[in-house]
Amino acid sequence: MAVTSAVRDTATAAGTIEIQNSRNHNNKLADFEPPVKPKRNKYAFACAILASMTSILLGYDIGVMSGAAIFIKDQFKISDTQVEVLVGMLNIYSLVGSAAAGRTSDWIGRRYTIVVAGAIFFVGALLMGLAPNYAFLMVGRFVAGVGVGYALMIAPVYTAEVSPASSRGFLTSFPEVFINAGILLGYVSNYAFSKLPDHIGWRMMLGVGAIPSVFLAVGVLAMPESPRWLVLQGRLGDAKRVLDKTSDSPEESQSRLSDIKSAAGIPENCNDDVVAVADKKSHGEGVWKELLLRPTPTVRHILICAIGIHFFQQASGIDAVVLYSPRIFEKAGITSKDKKLLATIAVGFTKTVFILVATFLLDRIGRRPLLLSSVGGMVASLITLGWSLEVINHQAQAQNWAVSLCITMVLAYVGFFSIGMGPITWVYSSEIFPLRLRAQGTSMGVAVNRVVSGVISTTFISLYKGLTISGAFFLFAGIATVAFVFFFLCYPETQGRTLEDMEILFGSFIGWRALKVERLREREAQNGREVELLDSRK
């Protein structure tokens, strides 16, 4: 009996070991399997769509004004300088909106700031469409510009704060998608309403812009508030409910909530639905001092990166090409109004297609590769565009090959811009700021964007008259080359990082790679010490 029992025990032990080895073997094989990528969160997707619709307001205005200016100039008998002011001043006026939007969104929330943007643009579009003279038209441009400023600032901030890290690049690029969709709609509107009598056609072009803002105001009622803003107000219960809907898993929702609470200065063990938060933190006071007067090396690096990418996005000439494409095509030898407007539709279509491609690449390839490839392509296409215009300028009659090359390079330029520089500017600048600085920091980037855009669009006609049209594009190519070097040296990759984890990447302009490694090691060492401390207490 003893022998039998021993044999049975030995067999049982052997079977147990075999099962454990089999499990260990399966675990090891599973370790080599690629992680399953989470499906895109449909609720976050819908929120991003609705918020990003605000950007269609700017896109439509840019596209429609490129054609409407032709008919406005004829009716009001205005000069080229007045056309420059008419076309470009909306960007300057939008500074008022973008400057106010940061503080407004901290006070009333991201969601209702979107409503404010739509309401202001609605009034501006109606005023422009009903304008009896040039002065009244400029009043309408001012009101619409304020609405555009609000929209440009709030859309990427809201989308970045709602999106899970796995698809933040995809979702945060939506504002640029809708800007391009608006530009295309504006070009199509130009061509459609150009068939009406001139004094009615341009009014319809501008007045129809009020329609998207109505849909926007209705659609925003279905949107939740930003969970990060809710935490800053101490509304943890509401924030958790939004995060549960917009995260890829319950674990991610809890992790995001913990990170946001930490960034807002709320203790980790505080789980009440409503908690008291310091007023300065909840409404944004003291932010400007931290941004401008006493920034840490990390904040300084983040601020310069945000302002730099907005500056170079516009200084490389995109608004000159989009707003004045009919004049560029005229310089290339296309004289018919219909053909010029049709060519602008091709520009809008190209921008829209390439921005859609970019949205699917941002979270797969990353920000840096797309940005550098985009700027490199812009440099090449701007140089070729300038050369082809120079060839046409020195010919008594434009050659077909030179005209075709010019049009191709315009399309190539907007395509390269839209696949990287266009969307990444908004994605990058809205995700790198710490929570406490995000609204005002993003509004500063938008302000720089609008100032540079305003300068380019209000001076382009004078610029190409002084430098020649080809010289203007050679200048833009030079600026884009400087941008390439700046981005290559100073911009870390942010793909896959949570918003609360961005600060680890910044702090050294040229040596950010080494700094990142050093901080990761420090974090691992700190985690190791915490584990040892917990073990010693057990």
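Along each chain, the written sequence defines residue order, and numbers are assigned to residues from 1. Only residues with pLDDT of 70 or above have their local features reported here, since the model is predicted, and side-chain atom pairs are shown and tallied only from 80 upward, although totals for entire chains, interfaces and linings are computed over all residues. Heavy atoms from the whole structure form the basis of all side-chain values; hydrogens and water molecules are not counted.

Tallying secondary structure elements over the chain gives 24 helices and zero strands in all. In what follows, residue pairs with any heavy atoms lying within 4.5 Å of each other are defined as contacts. Relative to all contacts within the chain whose residues are 6 or more apart in sequence, the contacts with residues 24 or more apart total 81%. The Shrake-Rupley method, run with a 1.4 Å probe sphere, supplies the accessible areas, and residue values consider only the shown protein chains as cover. Carbon and sulfur atoms form 65% of the exposed surface of the chain, whose accessible area is close to 22,700 Å². Each helix is a run of H or I in the DSSP string that is no shorter than four residues. Each strand is a run of E no shorter than two, and both are numbered from the N terminus.

Once that is clear, we can look at helix α16 (residues 297–315). Since there are 3.6 residues in each turn of an α-helix, residues three or four apart along the chain are aligned in direction. A rise of 1.5 Å per residue sets the reference length of α16, with its 19 residues, at 27 Å; its end C-alpha atoms lie 26 Å apart and thus fit the reference within 8%. Counting buried residues along α16, 14 of its 19 residues qualify, which places the element largely inside the surrounding structure. Of the residues flanking the end of α16, it is Gly317, one or two places downstream, whose phi is positive at about 100°. What a helix is expected to span follows from its residue count: subtract one and scale by 1.5 Å. Working definition: with a 1.4 Å probe on protein chains only, accessible area under 20% of the residue-type maximum means buried, over 50% means exposed, and in between means partly exposed.

This part covers the environment of Gln397. Tracing the backbone shows Gln397 in the loop between α20 (367–393) and α21 (400–431). Spatially, the C-alpha atoms of Gln397 and Gly333 are 8.4 Å apart, while their sequence positions differ by 64 residues.

Moving on to the packing of helix α12 (residues 236–246) against helix α13 (residues 250–264). Between two packed helices, both the angle of their axes relative to each other and the distance between the axes serve to describe the pair. All axes here are fitted lines through C-alpha atoms, helices being fitted over the stretch that makes contact, and every angle between N-to-C directions spans 0 to 180 degrees. Close contact between α12 and α13 brings their axes to 9 Å; oriented N to C, the two are set at 140°. If you check the angle between α12 and α13, you find them oblique. The element α12 and its partner α13 pack so that their crossing is right-handed. Across from Leu236, Ala239, Lys240, Leu243, Asp244 and Thr246 in α12, the residues of α13 making contact are Ser253, Gln254, Arg256, Leu257, Ile260 and Lys261. Residue polarity is assigned by list, with Asp, Glu, Lys and Arg as charged and Ala, Val, Leu, Ile, Met, Phe, Trp, Tyr, Cys and Pro as nonpolar; anything else, Gly included, falls into the polar class. Classifying every residue of the contact of α12 with α13 by side-chain character gives five nonpolar, three polar and four charged. Oblique is the label for any angle not covered by the other classes, which are roughly parallel (under 35 degrees), roughly antiparallel (over 145) and roughly perpendicular (65 to 115). Two helices crossing with the near one rotated counterclockwise from the far one by less than a right angle form a left-handed crossing, whereas a clockwise rotation gives a right-handed crossing.

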